[in-house]
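So you can see what is in the structure, the chains are spelled out below.
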Amino acid sequence: MSAATPEIPTPAPTDFIRDIVATHVGEQRYPKIVTRFPPEPNGYLHIGHAKSICLNFGIARENNGQCNLRMDDTNPTKEDVEYVESIIEDVQWLIAGWADHCLGFKAKGALPVAQTVDGKPDFYAGPVPAETIGHPHAPTVEPFFASDYFDQIYGYAVELIKKGKAYVCDLSPEDTDTYRGSPDKPGKDSPFRTRSIEESLDLFQRMKNGEFPNGARSLRAKIDMASPNIWLRDPLIYRIRHAEHHHTGNKWCIYPLYDFAHCLSDYLEGITHSVCTLEFEVHRPLYDWILESLGLPRPLPHQYEFAKLIPTYMIVSKRKLIALVNDNVVDGWNDPRMPTISGIRRRGIPASALRRFVTSVGVTKFNSVTDIAVYEHAVRDELNKVALRRLAVLRPIKLVLTNIAAGQVIECNATNNPEDPNAGTRIVPISREVFIESDDFMEVPPPKYFRLRPGGEVRLKYAFIIKCDELVKDASGAITEIRCTADLDSRTGGPTSDRKVKGTIHWVSATHAIDAEVRLYDRLFTAAEPDADGDFKAHVNPKSLEVITAKLEPSLADAKLDQRYQFERLAYVALDPIDSKPGKPVFNRTITLKDAWTAKPPGR
RNA sequence: UGCCCGAUGGUGUAAUGGUAGCACAAACGACUCUGACUCGUUUUGUCUAGGUUCGACUCCUAGUCGGGCAGCCA
């Protein structure tokens, strides 16, 4: 859909992780920097993931490295191909024109290849050259899948058993919990901890063969039940799960747990820097323990943690996002109000703006909340540069120019984008009857109101200065028509065009206007931290969407999907990529223009 | 209350023993055929207490506050 949005060259960001990478590059510790973005395909990607994507791909592109897209799919009961496909699309959209050349994809169906390193057997899962990656669903390539490594991971588990570093445990899930102890009390050894290597080997194979029901047994790393770190108290590394997997089908009935699969997936792909969020910090000793216990021949990956992105007025939790979808609070994952990447895209926000925002917040280990104003500023700033200006009236009120004859049409020359001289101009027709924004007229205005008022003057942008002569009201006293005279000499270039009037308002010719649906989106929540009290649904903004029929200048009849527009003085908008049809455009309001008047007018 | 991590204006982030800076926000002003954009000015900060040092946001000690960890989730 949307075209690539290349970055204007800016100084490469710095942060503590990039500093570490820079040190490693200086030391030539690795032949190539390889990162990875490893989502679990159990939901859609959101703005928090965007930060991780930009960090991981950013590190890769700044160091001539590579960033693998990997499905972290070790839990068949929660994952689905729908999510795999959305993830691929969202990642490619976000990095298009910026880091496509670093995207690590593999040949479709490829599995790790056996090799020998320093006389030791080894496996490696490598990428396909970036040039061969085209369309998101190109038939020859695909992302990496942790589930493609199940054979190797199983082998590593067997290896651990043989080294006496893992054992099959018959404790029930409940007993396993009890034996684990609590953070301030050491755990207790499982009675199966001393089981012989041979017996564990036999049992593990029979687990694999499907001889036992779910939960009957598990494979555990043998570390230290008294460790102050819970994750070192003989953590489970394999569980029995008789379930069909979206990628491996029915081949397996045992699945490795995250801690075991993740570090090994990183190793198999030759990841150098495994970057994740803070909650995995306490898992790092286990990550290292597994890798170090196996005596692997290639350099080991290392894990680095950073703080999640949490913008105000948003929810970033897959579970809660799912709830919004399932409860029909929003219209699907890609509802333009959702903080999902697909929702953000549909809302009309350029990928470059999203990238700029998630980069601008920095990377630290401090749990912070980011003011949504920073996000909105990035969006407006990006859109200001590229949006074509158009005239549109959202809440029309009729205005008659009494000194223009019925049927007469005057062509006005309008600037397409004052920020971009190359954007050119266009003709907008005006006639005797026009619509103006109802907010732009007040019969009894407050002080410092400089739009139209009885007896007052205002400029119709790109046209002429008008003066309000009289009002026509209906029986109830509501204004039905504003009657004005136009100073026809005040057109651009005309004799009185330099006359100063304080206000300039937008308009559309009533006879030329086209009607179109405009969806006015606003923040999804009314509370800065919607989930602060644990009840985010209570803070859903009832006015997060208002659908109106607006009056648009005629040129908007052939608006383009990839083009961003600004309805002058109002908002940035984009065509809805799903509901817009030829001849029936539907516009989504991406974001309003900043408005210093209604934000805080004097006397209010 | 076991272990791990963190703390710089309203918010986010820089300064890696040597002038506390930037962005957003806010306020005021200039400009304006978008009350936008742009430009200018201003307000506001190193969690606390000790210590080391000529000098501490930075190093040390103790404390305070916040976050994370007890899924066969990731």
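Residues numbered from 1 in each chain as written. Chains lettered and ligands numbered in written order. Predicted model: local features only at pLDDT ≥ 70, side-chain atom pairs only at ≥ 80, totals over all residues. Heavy atoms only, no water.

As a further point, take the nonpolar core. In terms of nonpolar packing, the biggest core is built from 48 residues, with I47, F57 and Y375 touching the most fellow members. Residue assignment for this core shows that the elements contributing at least two residues are helix 2 (47–62), strand 2 (66–71), helix 3 (81–95), helix 10 (341–347), helix 11 (351–360) and helix 12 (372–386). Leaving out residues up to four positions away in the same chain, Y375 has contacts with I47, M314, I344, I349, L354 and F357. One finds Y156, L232, C263 and W289 within the second-largest nonpolar core, a separate group that totals 39 residues. (Core = buried A, V, L, I, M, F, W, Y, C linked by side-chain atoms within 4.5 Å. Buried < 20%, exposed > 50% of the residue type's maximum accessible area, 1.4 Å probe, protein only. Helix = DSSP H or I, 4+ residues; strand = E, 2+ residues; numbered from the N terminus. Contact = heavy atoms within 4.5 Å.)

With that settled, the discussion passes to the packing of helix 7 (residues 258–268) against helix 8 (residues 284–293). Where helix 7 meets helix 8, the closest approach of the two axes is 9 Å, and the angle between their N-to-C directions is 60 degrees. When the axes of helix 7 and helix 8 are compared, the pair comes out oblique. For the element pair helix 7 and helix 8, the recorded crossing hand is right-handed. Residues D259, F260, H262, C263, L264, D266 and Y267 of helix 7 pack against L286, Y287, I290 and L291 of helix 8. In the contact of helix 7 with helix 8, the residues fall into eight nonpolar, one polar and two charged. (Axes fitted to C-alpha atoms, helices over the stretch in contact; angles between N-to-C directions. Parallel < 35°, antiparallel > 145°, perpendicular 65-115°, else oblique. Left-handed = near helix turned anticlockwise from the far one by under 90°. Nonpolar A, V, L, I, M, F, W, Y, C, P; charged D, E, K, R; others polar.)

Right, let's get into the protein's contact with RNA strand B. With respect to spatial proximity, 66 residues lie near RNA strand B, and among them T74, R241, R389, T492 and R569 are the closest. What you see for RNA strand B is that sugar and phosphate hold 65% of its atoms within 4 Å of the protein. Between RNA strand B and R241 there is a distance of 2.4 Å, counted from a phosphate oxygen to a side-chain nitrogen or oxygen. A distance of 2.7 Å is found between a base oxygen of RNA strand B and a backbone nitrogen or oxygen belonging to Y462. Put simply, the parts of the chain that give the surface near RNA strand B at least two residues each are helix 5 (173–180), strand 11 (236–240), helix 12 and helix 13 (596–599). Partitioned by chemical class, the residues of the surface near RNA strand B number 23 nonpolar, 16 polar and 27 charged. (Near = heavy atom within 4 Å. Polar contact = N/O pair within 3.5 Å; in protein donor to acceptor, adjacent residues only side chain to side chain.)

On the secondary structure map, N75 appears in the loop between strand 2 and helix 3. Setting aside residues up to four positions removed in sequence, N75 forms contacts with E40, R239 and R241.

Here we come to the environment of G295. Among the secondary structure elements, G295 is positioned in the loop between helix 8 and strand 14 (302–306). Put simply, G295 and V158 are 137 residues apart on the chain and 13 Å apart in space, counted from C-alpha to C-alpha.

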